[in-house]
Amino acid sequence: MNDIKNVSVIGGGTMGNGIAHVFAMSGFEVTLVEAKQQFLDKALDAIEKNLDRMLSKQKISNDDKKATLQRIHSTLNTVEGVMKADLVVEAIPEQFDLKKKVFQEVDENAPKHTILASNTSSISITKLAAQTKRPDRFIGMHFFNPVPVMKLVEVINGLETSEETTQTVMGLAEKLGKVPVSADDSPGFVSNRVLMPMINEAIFCVYEGVAEPEDIDQVMKLGMAHPMGPLRLADFIGLDVCLDILNVLYDGFKDPKYRPCPLLVKMVDAGKLGDKTGEGFFKYD
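A brief look at the structure comes next. (Residues numbered from 1 in each chain as written. Predicted model: local features only at pLDDT ≥ 70, side-chain atom pairs only at ≥ 80, totals over all residues. Heavy atoms only, no water.)

Notes on the packing of helix α8 (residues 191–207) against helix α12 (residues 262–269)
Under the convention used in this document: Axis geometry follows a simple rule: fit a line to the C-alpha atoms, using only the stretch in contact for helices, then measure angles between N-to-C directions, giving values from 0 to 180 degrees. Going along the chain from the N terminus, every DSSP run of H or I of four or more residues is numbered as a helix, and every run of E of two or more is numbered as a strand. For classification purposes, an angle smaller than 35 degrees is called roughly parallel, one larger than 145 roughly antiparallel, one from 65 to 115 roughly perpendicular, and anything else oblique. In what follows, a contact means two residues having at least one pair of non-hydrogen atoms within 4.5 Å. Nonpolar residues are Ala, Val, Leu, Ile, Met, Phe, Trp, Tyr, Cys and Pro. Charged residues are Asp, Glu, Lys and Arg, and all others, Gly as well, are polar.
Their axes nearest at 8 Å, the elements α8 and α12 cross at an angle of 90 degrees. As summarised for this structure, α8 and α12 are arranged roughly perpendicular, according to the angle between their axes. Here N200, I203, F204, V206 and Y207 of α8 come into contact with α12, specifically with P262, L263 and L264. Across the contact of α8 with α12, the residue classes tally to 7 nonpolar, 1 polar and no charged.

Here it is, written out as structure tokens:
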């Protein structure tokens, strides 16, 4: 069970193509599964561009790039995409019903020994695992953006995740050159339980007219040595994603301290989601 050679990644967005990239670069055979050809093309293009960037910085050789791309296979068929997988990593949008549907299909068609992992940043691993017939082989594998650069992988244990599954995934993260940190399933895990209230509080400072976004970020960068201010980071993550995570925290703990700022809700309603739409708390070309 512990000998993982074939990895399937479901979803080729920013996180999914980054996850496929790091597995392929570390010598694993990767199958990238997407719903539409245009999304698949975009994902493969992003991987090649990221490899070119590494090549220009002399972090990899031309042979490394070629070998990495040769290890990545792609398909629009989920069943076909997981039939040989030793590990499946799901990286689709943060919506429980979408993930539930995908994991039920994957569970039916992946080999019995296959470990199922979710890259969710906040949804309950225990609840997702319960949608499958293998909760002992279900785990959270939360990567950070940009995946090829960021070292951390939060490894989240559901209520029934086995010790063997945890150890396999921790070892796997190390093979990718990452630093795994283990945590038990809880709304927002560690990263977003700490980060999102800080981002939300920064948004409240804008909402209440305490200071301008640039000044709030400057305080956190110069005073707290953050490489990126909380509002710039919110734009980078996506304001819609921040709102989704805050809602998970609010619903999970029923604690008003996680209540999303009305300004955040309004900006998401207006379609000002940050980098991905060209405008959030800041404007982007």
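Concerning the packing of aromatic side chains
Our working rule: Centre distance within 6.5 Å is the pairing criterion for rings of Phe, Tyr and Trp, where only the six-membered ring of Trp is used; planes under 30 degrees apart are then read as stacked, over 60 as edge-to-face, and the remainder as tilted. A 1.4 Å probe rolled over the protein chains alone gives each residue an accessible area, and that area as a share of the maximum for its type sets the label: buried under 20%, exposed over 50%, partly exposed in between. Either the NZ atom of lysine or the CZ atom of arginine qualifies as a charge over a ring when it sits within 6 Å of the ring centre and within 35 degrees of the ring normal.
Evaluation of the coordinates by the stated rule reveals 5 aromatic pairs. Centroid distance F23 to F143: 6.5 Å. Interplanar angle 70 degrees. Geometry classified as edge-to-face. Here F143 lies in strand β6 (residues 138–143) and F23 lies in helix α1 (residues 14–25), a separation of 120 residues in the sequence. Each member of the pair F23 and F143 is classed as buried. Through a chain of ring-to-ring contacts, the aromatic side chains of F23, F28 and F143 assemble into a single cluster. The positively charged end of K127 is found above the aromatic ring belonging to F96, 4.3 Å away from the centroid.

With respect to the side chain of D107
Under the convention used in this document: Any N or O atom pair separated by 3.5 Å or less is treated as a polar contact, with the protein-specific requirement of one donor-capable and one acceptor-capable atom, and with residues adjacent in sequence counted only for side-chain atom pairs.
Take D107: it is sitting in helix α5 (residues 96–109). Take D107: its relative accessible area is 6%, and that puts it in the buried class. At 2.7 Å, the side chain of D107 and the backbone nitrogen of K133 are in polar contact. Those residues in contact with D107, other than ones at most four positions away along the chain, are L116, T132, K133 and R134.

Honestly, that's just the spatial picture; any functional story needs more than this.
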